[in-house]
Amino acid sequence: MRSVVLAFGALCAFGVYGAAAQTSGLRFADELEWKPAPADLPRGADVAVLFGDPQESGPFVMRLRAPAGYQVPAHKHSDMETATVISGTLRFGEGPRLDPRAEKFLHAGDFIVATPGMGHWFTVNEDAVVQVSGTGPWKIEYLDPRDDPRQKGAMRD
């Protein structure tokens, strides 16, 4: 018992326990802190980070909340990304450019894996929340640079 107490004390002294407490825990859906999506995504969506930091190295989980009509053009990521539709309906497609013939309808509970370098896009049909997991830092590269909202003159809603 004494060794357990000493180990716990050592963890607290070195801040390890404090760091773990900040990056883990319970998140209630109605208490999430929603913020406007970062500039590398088209305007109109919000994000809430549930775990980790998508901009830092390491695992993360975040949610994207987007209205009907929201679209993320064809893009890819350098690391694997997984996504689960929490609510709403969206169309998801794979490939180098938006192709409505290649789209699949996704509903609450449906799951997506985007492997590194895989071109994909999505369009929200009905207000949706999508949970995204991956390893940071999260980066997005648009397959057509003109679609990149970070570029000067890019079309933004």
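Heads up: these notes are all about the structure in this document. (Residues numbered from 1 in each chain as written. Predicted model: local features only at pLDDT ≥ 70, side-chain atom pairs only at ≥ 80, totals over all residues. Heavy atoms only, no water.)

1. Quick look at the overall build of the chain
Regarding its fold elements, the chain presents two helices and nine strands. For the chain, the succession of helices and strands along the chain, N to C, is α-α-β-β-β-β-β-β-β-β-β. Expressed as a percentage of its 157 residues, the buried residues of the chain come to 35%. Partitioning the contacts of the chain with sequence separation of at least 6, the portion at a separation of at least 24 is 69%. When the accessible surface of the chain is split by element, carbon and sulfur atoms take 57% of a total near 9600 Å². (Helix = DSSP H or I, 4+ residues; strand = E, 2+ residues; numbered from the N terminus. Buried < 20%, exposed > 50% of the residue type's maximum accessible area, 1.4 Å probe, protein only. Contact = heavy atoms within 4.5 Å. Areas by Shrake-Rupley, 256 points an atom, 1.4 Å probe, with all protein chains shown as cover.)

2. Here's the deal with the side chain of E103
The topology assignment puts E103 in the loop between β5 (81–94) and β6 (104–107). You can call E103 buried: its relative accessible area is 13%. A polar atom in the side chain of E103 sits 3.0 Å from the side chain of W121. Sequence-distant contacts of E103, that is, excluding residues within four places in its chain, are made with R91, F92, G93, L98, W121 and T123. (Polar contact = N/O pair within 3.5 Å; in protein donor to acceptor, adjacent residues only side chain to side chain.)

3. Details of the pattern of salt bridges
Within the structure shown, the criterion is met by eight salt bridges. With its nearest N and O atoms 3.2 Å apart, the salt bridge here joins D99 to R101. On the accessibility criterion, R101 (76% relative accessible area) is exposed. Connected via shared salt-bridge partners are D40, D148 and R150. (Salt bridge = Lys/Arg side-chain N within 4 Å of Asp/Glu carboxyl O.)

4. Description of the pairing of strand β8 (residues 120–136)
When strand β3 (residues 58–66) meets β8, the two strands line up antiparallel, connected through nine bridges. By the bridge assignment for β8, R63 is matched with Q131. In the sheet, strand β4 (residues 71–76) pairs with β8 via three bridges, with the strands oriented antiparallel. Its bridge partner being in β8, Q71 is matched across the sheet by T123. Bridge analysis of β5 against β8 gives 12 bridges, and the strand direction is antiparallel. Residue pairing in the sheet places T82 in a bridge with S133 of β8. (Pairing = 2+ DSSP bridges.)

5. Focus on a nonpolar patch on the surface
Together, M80, F111 and V113 make up a nonpolar patch on the protein surface, roughly 290 Å² of accessible area in all. Assignment of secondary structure puts F111 in strand β7 (residues 111–114). Exposure remark for F111: the relative accessible area of 52% places this residue in the exposed category. (Patch = residues over 30% accessible without salt bridge, like charges linked within 9 Å, V, L, I, M, F, W, Y side chains within 5 Å.)

6. Focus: unusual backbone geometry
A negative phi angle is the norm for most residues apart from glycine, just as the trans form is the norm for most peptide bonds. The residue after G136, namely P137, is reached through a cis peptide bond having omega 5 degrees. Checked against the element boundaries, P137 lands in the loop between β8 and β9 (141–142).

7. Describing the nonpolar core
The nonpolar side chains of a soluble globular protein tend to be buried with one another. Ranked by size, the top nonpolar core spans 26 residues in total, and within it L41, Y70, V72, L90, F92 and F122 carry the most contacts. At five residues, β8 tops the list of elements feeding residues into this core. (Core = buried A, V, L, I, M, F, W, Y, C linked by side-chain atoms within 4.5 Å.)

8. Looking at the environment of A29
With respect to the secondary-structure elements, A29 resides in the loop between α2 (16–23) and β1 (35–36). Once the C-alpha coordinates of A29 and A48 are considered, the two residues, 19 residues apart in sequence, prove to be 9.8 Å apart.

Read these as layout, nothing more, since geometry by itself doesn't imply function.
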